[in-house]
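# Breakdown of the fold
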Amino acid sequence: MALVVVLLAACSEDSGSSSSNETNNSSSGDAAQEIIVRVNDDPDFLDPHKATASISFQMILNMFEGLMAPNTDGSLREALGEKYEVSDDGLEYIFTIRQGVKFHDGSDLTVDDVKYTFDRLMGTNGGEKMKNNFDNVLSTEVVDDKTFKFTLKEPNSNFLYALTALTSGIVPAANDGKHNENPIGTGPFAYEKYSPGTNLVLKKNDNYWRDGLPYLNKVTFNFQSDDQAAIMALLANEVDLTSIPWARIDEVTDEFNTMQQQNNSSLVVTFNEEKEPFNNVKVRQAIAMAINKDDIISSVFNGYAEKLGSNMSPAMGKYHDDSLVDVWPFDVEKAKSLLEEAGYPDGFSTKITVSSHNGIYGNIAQIVVENLKAIGIDVEIEVVEWGIWLERVYFGRDYEMTAIDLTGRPSAYEVLNDYVSTNDGENFFRFNNADFDKVMSEVLLETDQEKQVDYFKQAQSILTEEAAAVYIADYQVIWGSDKAVSGLKSYPFWYHDMSEVKMSN
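Residues numbered from 1 in each chain as written. Predicted model: local features only at pLDDT ≥ 70, side-chain atom pairs only at ≥ 80, totals over all residues. Heavy atoms only, no water.

### Remarks on the overall build of the protein
- When helices and strands are counted, the protein shows 12 helices and 20 strands.
- Against the compact-globule benchmark of 23 Å for 505 residues, the protein has a radius of gyration of 23 Å, which places it among compact chains.
- Overall, the C-alpha framework of the protein stretches about 70 × 60 × 40 Å when taken along its three principal axes.
- Within the protein, buried positions represent 59% of all 505 residues.
- Long-range pairs, those at least 24 residues apart, make up 71% of the contacts in the protein with a sequence separation of at least 6.
- Only carbon and sulfur atoms are counted for the fraction: they give 42% of the accessible area of the protein, which is about 19,300 Å². (Helix = DSSP H or I, 4+ residues; strand = E, 2+ residues; numbered from the N terminus. Rg over C-alpha atoms; globule rule 2.2 N^0.38 Å. Buried < 20%, exposed > 50% of the residue type's maximum accessible area, 1.4 Å probe, protein only. Contact = heavy atoms within 4.5 Å. Areas by Shrake-Rupley, 256 points an atom, 1.4 Å probe, with all protein chains shown as cover.)

Put into structure tokens, the structure is as follows:
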């Protein structure tokens, strides 16, 4: 799936900065090993199998782990699966489960918990199927007390990516029915408290299987949607880490550390393609040519963004097709002509529904209104709370237009999978194109990486030609942190990895 960008701060029940809290013995002297991180809004779910928003995984990946784990460059490494083997025909994946790992409640991780996790995800335990990623799994099997086997229906070049906590965090069978209100994982931090609208508090996992980690005793994610309030909280030492509004970077460079991160997401203005007139490709193409991407990049992101032509960020390297950027250049007269060809010479009226959890969406909507007015389209802006946006737009498909950024993922397949017609969980655009589905199906059977690249570029080209969305930009995030903070990592998706972060004097 896709979705959103986020981060950053708010009020906490604990006042002041982390440096005023209790200290502990550590390699960082007497510095308090606690951190306050600002994020834009609440998680949609704490249950890793139900969570869909990138804002959620930004926090909860500190609690959960998969059989595999992503590296900072997007590659994969073994995690709760200590090692694995793949059969010559690509149909069997046999994992040796890491021994000595404990869940946050002190119970041992067993191969039966792994079996329970995938039965739950696949709906084979009598419950509702929670993920489409495992439709190709023919069977799962507990081979012995430390070996687990997947048998696939056909080879799948993306299968290992589905085994990270982004898709399949391992959870204990004993916690069945309580994964959202009392989340239990094996990650470096354990759940302590969730106060809706205020914060999520995590505590150190003293039994973490990676020796010496984590360094922090406590991580508090404070919820604050207002960027301006967040930077004031940083300047007042009320939070230790937040994103910085692009226009205010100069205010923090002297007294705080800053780090620039490629977002690896696709900021889009998109449509519900089951509703008229957005089921007409010429209408979508006209809108793509009427929206001034350069204006959005300049005025909303202060230039800290790279223009896109399809749903793939330049951060994805060779998978990204930069030749698509100018397929639909800003051209008001051509846009008017396309709209007339579509049967709307006088334009039409519509509504763009955006979430209030990040101010960029409202700012973009205002530019869209002015741009589309020039070709006769009258757009009403509707701003709703984040939870309502998820319920109505993402899950309910009850919208006409919206603006959002689709979260980055380490897998090129997962980036584009949102548009597959059978992916009901994530295809909130209701895009339906047989050629696209065919390319996405064929790439899973291809083992040659260069040929995979060709398939992914074909898929991007189809999205561009069909104007499945208006692909605006991948914007860069500027992080500001207290100079006591070290060990921050940057991933090609939204994740505040606290496992190696420490506070120093």
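### Some remarks on the layout of surface pockets
- Roughly 1,300 Å³ of volume is contained in the largest pocket.
- As for the largest pocket, its lining consists of 49 residues, and the residues nearest its centre are Lys131, Asn132, Asn133, Asn417 and Asn423.
- Within the residue set of the lining of the largest pocket, elements represented by two or more residues are helix H1 (54-60), helix H3 (165-168), helix H10 (412-416) and helix H11 (434-443).
- Here the residues of the lining of the largest pocket sort into 19 nonpolar, 18 polar and 12 charged.
- What the second largest pocket holds in volume is close to 500 Å³.
- In terms of lining residues, the second largest pocket is bounded by 25 residues, among which Ser157, Tyr161, Tyr319, Gln449 and Gln452 are the most central.
- Within the residue set of the lining of the second largest pocket, elements represented by two or more residues are H10 and helix H12 (449-465).
- Among the elements that make up the lining of the second largest pocket, the one with the highest residue count is H12 (3 residues).
- Counted by class, the lining of the second largest pocket contains 15 nonpolar, 9 polar and 1 charged residues. (1 Å grid on protein atoms, 1.4 Å probe; cavity = no way out; pocket = protein on both sides within 12 Å on 5 of 7 lines; lining within 4 Å. Points joined across faces, edges and corners; volume = space filled by probe spheres on them. Nonpolar A, V, L, I, M, F, W, Y, C, P; charged D, E, K, R; others polar.)

### Some details on the packing of H11 against H12
- It is the contact of H11 with H12, at a shortest axis distance of 9 Å, that shows an interaxial angle of 165 degrees. Taken as axis vectors, H11 and H12 run roughly antiparallel relative to one another. Considering only the axes of H11 and H12, their crossing is left-handed. Taking contact as the criterion, the partners of Asp435, Phe436, Val439, Met440, Glu442 and Val443 in H11 are, on H12, Gln452, Tyr455, Phe456, Gln458, Ala459, Ile462 and Leu463.
- Looking at the contact of H11 with H12 residue by residue, the classes come out as 9 nonpolar, 2 polar and 2 charged. (Axes fitted to C-alpha atoms, helices over the stretch in contact; angles between N-to-C directions. Parallel < 35°, antiparallel > 145°, perpendicular 65-115°, else oblique. Left-handed = near helix turned anticlockwise from the far one by under 90°.)

### Describing the pattern of salt bridges
- In this structure the tally under the stated criterion is 25 salt bridges.
- The partner of Asp108 in a salt bridge is Lys102, with the nearest N and O atoms 2.7 Å apart.
- Asp108 sits in the partly exposed class, given a relative accessible area of 46%.
- When the shortest N-O distance is used, the salt bridge between Asp135 and Lys129 registers 3.1 Å.
- A single salt-bridge network, built from bridges that share partners, covers Glu92, Glu141 and Lys149. (Salt bridge = Lys/Arg side-chain N within 4 Å of Asp/Glu carboxyl O.)

### Notes on the environment of Arg120
- Among the secondary structure elements, Arg120 is positioned in helix H2 (residues 111-122).
- On the basis of relative accessible area, Arg120 is assigned to the buried category, the value being 11%.
- Ignoring anything within four residues of it in the chain, the contact list for Arg120 reads Asp47, His49, Lys50, Asn125, Glu128, Met130 and His179.
- There is a polar contact of 2.8 Å between the side chain of Arg120 and the side chain of His49. (Polar contact = N/O pair within 3.5 Å; in protein donor to acceptor, adjacent residues only side chain to side chain.)

### Considerations on the packing of helix H5 (residues 281-290) against helix H7 (residues 332-341)
- Running from N to C, H5 and H7 point in directions that differ by 165 degrees, and their axes come no closer than 8 Å. When the interaxial angle is binned, H5 and H7 end up roughly antiparallel. The handedness of the crossing between H5 and H7 comes out as left-handed. Of the residues in H7, those in contact with Lys282, Val283, Gln285, Ala286, Met289 and Ala290 of H5 are Val332, Lys334, Ala335, Leu338, Leu339 and Glu341.

### A few points about the pairing of strand S4 (residues 81-86)
- Direction of pairing for S4 relative to strand S5 (residues 92-97): antiparallel, over a ladder of 5 bridges. Note on S5: the bridge partner recorded for Glu85 is Ile94. (Pairing = 2+ DSSP bridges.)

### Considerations on the nonpolar core
- Grouped together as the largest cluster of nonpolar side chains are 126 residues, with contacts concentrated most on Phe221, Val269, Phe301, Leu372, Tyr419, Phe436 and Met498.
- The element best represented in this core is strand S18 (residues 469-481), accounting for 9 residues.
- Setting aside anything within four residues of it in sequence, one finds Tyr419 in contact with Asn311, Leu406, Asn427, Phe429, Phe431, Phe436, Asp437, Leu463, Ala468, Ala469 and Tyr471.
- Listed in part, the 28 residues of the second largest apolar core include Phe118, Met122, Ala162 and Leu213. (Core = buried A, V, L, I, M, F, W, Y, C linked by side-chain atoms within 4.5 Å.)

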